[in-house]
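Single-letter residue listing:
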Amino acid sequence: MASPHPALARLAPAPGRLTLGLELPLDNDWAPARQHADREAGRPFGVPDLTGHTRLARLADRLGFAALWLRDVPLYDPVQFGDAGSVFETFTHLGHLAAVTDDVVLATGAIVLPLREPLLVAKAAATVDVLSGGRMLLGLASGDRPVEYPLFGRDFQQRGRAFREGVETLRAAWHGGPLELPRAGLGADRKLDALPKPVHRAGIRSPSPAAHSRLPSGLPSTPTPP
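Fair warning: this is a prediction, and the values are worked out from it, not measured in the lab.

(A) Examining unusual backbone geometry more closely. In this chain, Leu24 is followed by Pro25 through a cis amide linkage whose omega measures 5 degrees. Structurally, Pro25 is set in the loop between β1 (22–23) and α2 (32–41). That bond from Gly109 to Ala110 is cis: its omega, 5 degrees, falls within 30 degrees of zero. Its location among the elements puts Ala110 in the loop between β3 (105–108) and β4 (111–112). Residue Val87 is not a glycine yet carries a positive backbone phi of 70 degrees.

(B) How the structure looks around the pairing of strand β5 (residues 136–141). Taking burial as the measure, the 6 residues of β5 include 6 buried ones, the bulk of the element. Burial of the side chains of β5 extends over both faces: Met136, Leu138 and Leu140 are buried on one face and Leu137, Gly139 and Ala141 on the other. Relative to β5, β3 runs parallel, the two being bridged by 2 bridges. Bridging across to β5, Ala107 finds its partner in Leu137. Relative to β5, β4 runs parallel, the two sharing 2 bridges. The residue of β5 that forms the bridge with Val112 is Ala141.

(C) Main features of the pattern of salt bridges. By the definition in use, this model includes 5 salt bridges. Where Arg116 meets Asp72, a salt bridge forms, and the shortest distance between an N and an O atom there is 3.0 Å. One end of the pair, Arg116, is in the loop between β4 and α5 (118–131); the other, Asp72, is in the loop between β2 (67–70) and α4 (90–100), and 44 residues separate them in sequence. Note that Arg116 and Glu89 form a salt bridge whose closest N and O atoms lie 3.3 Å from each other.

(D) Spatial organisation of the environment of Leu63. Tracing the backbone shows Leu63 in helix α3 (residues 53–63). With a relative accessible area of 58%, Leu63 lands in the exposed category. A C-alpha to C-alpha distance of 9.7 Å links Leu63 and Val104, two positions 41 residues apart in sequence.

Rules of the game
- Residues numbered from 1 in each chain as written.
- Predicted model: local features only at pLDDT ≥ 70, side-chain atom pairs only at ≥ 80, totals over all residues.
- Heavy atoms only, no water.
- Helix = DSSP H or I, 4+ residues; strand = E, 2+ residues; numbered from the N terminus.
- Buried < 20%, exposed > 50% of the residue type's maximum accessible area, 1.4 Å probe, protein only.
- Pairing = 2+ DSSP bridges.
- Salt bridge = Lys/Arg side-chain N within 4 Å of Asp/Glu carboxyl O.

Quick look at the structure:
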């Protein structure tokens, strides 16, 4: 039996052993005093104060938390959801966290695959995995925010099919080495531009359909359609 990916081994070190992670952002104060301070600072409701996010991530790492979980909300929808999630673009944020932490697992819960190019998702995750020393855990989902789909030219009703096709593309292209074109694609001997070697396969998990509706990171400045 193959050894588990280092990120999975960190989260589940032994049978019956519990580990504890944190969901970002690490600033979720909804008290009236904080909401007043947010209004004074010009922050919309549901957009966290991220001025201390690097310091808090480093503190969580030093205190021994097992994982930092980032939510993927491509766009901020203050009308229907009112929650900007982790705010920053997910893989860019993961790259930053890889540079400022040492041990904590960097996990997504979860990437909205139908709104992204699967090959670029695979390469982004593999890059973070290498730069973090094998600490990347990639979670995938189909998404649950209908307003986002037409903005990306995607059909919300077809998200399940797009999700399944995206997962198959990931599996075909990424098998533990440099990211390659799918075997049934343009030729197995052609590779996308090089990643550092060796490339460790990040832990990829496909949640059940029931888990696809618990997603959310966003851009507060993104306009919401009427």
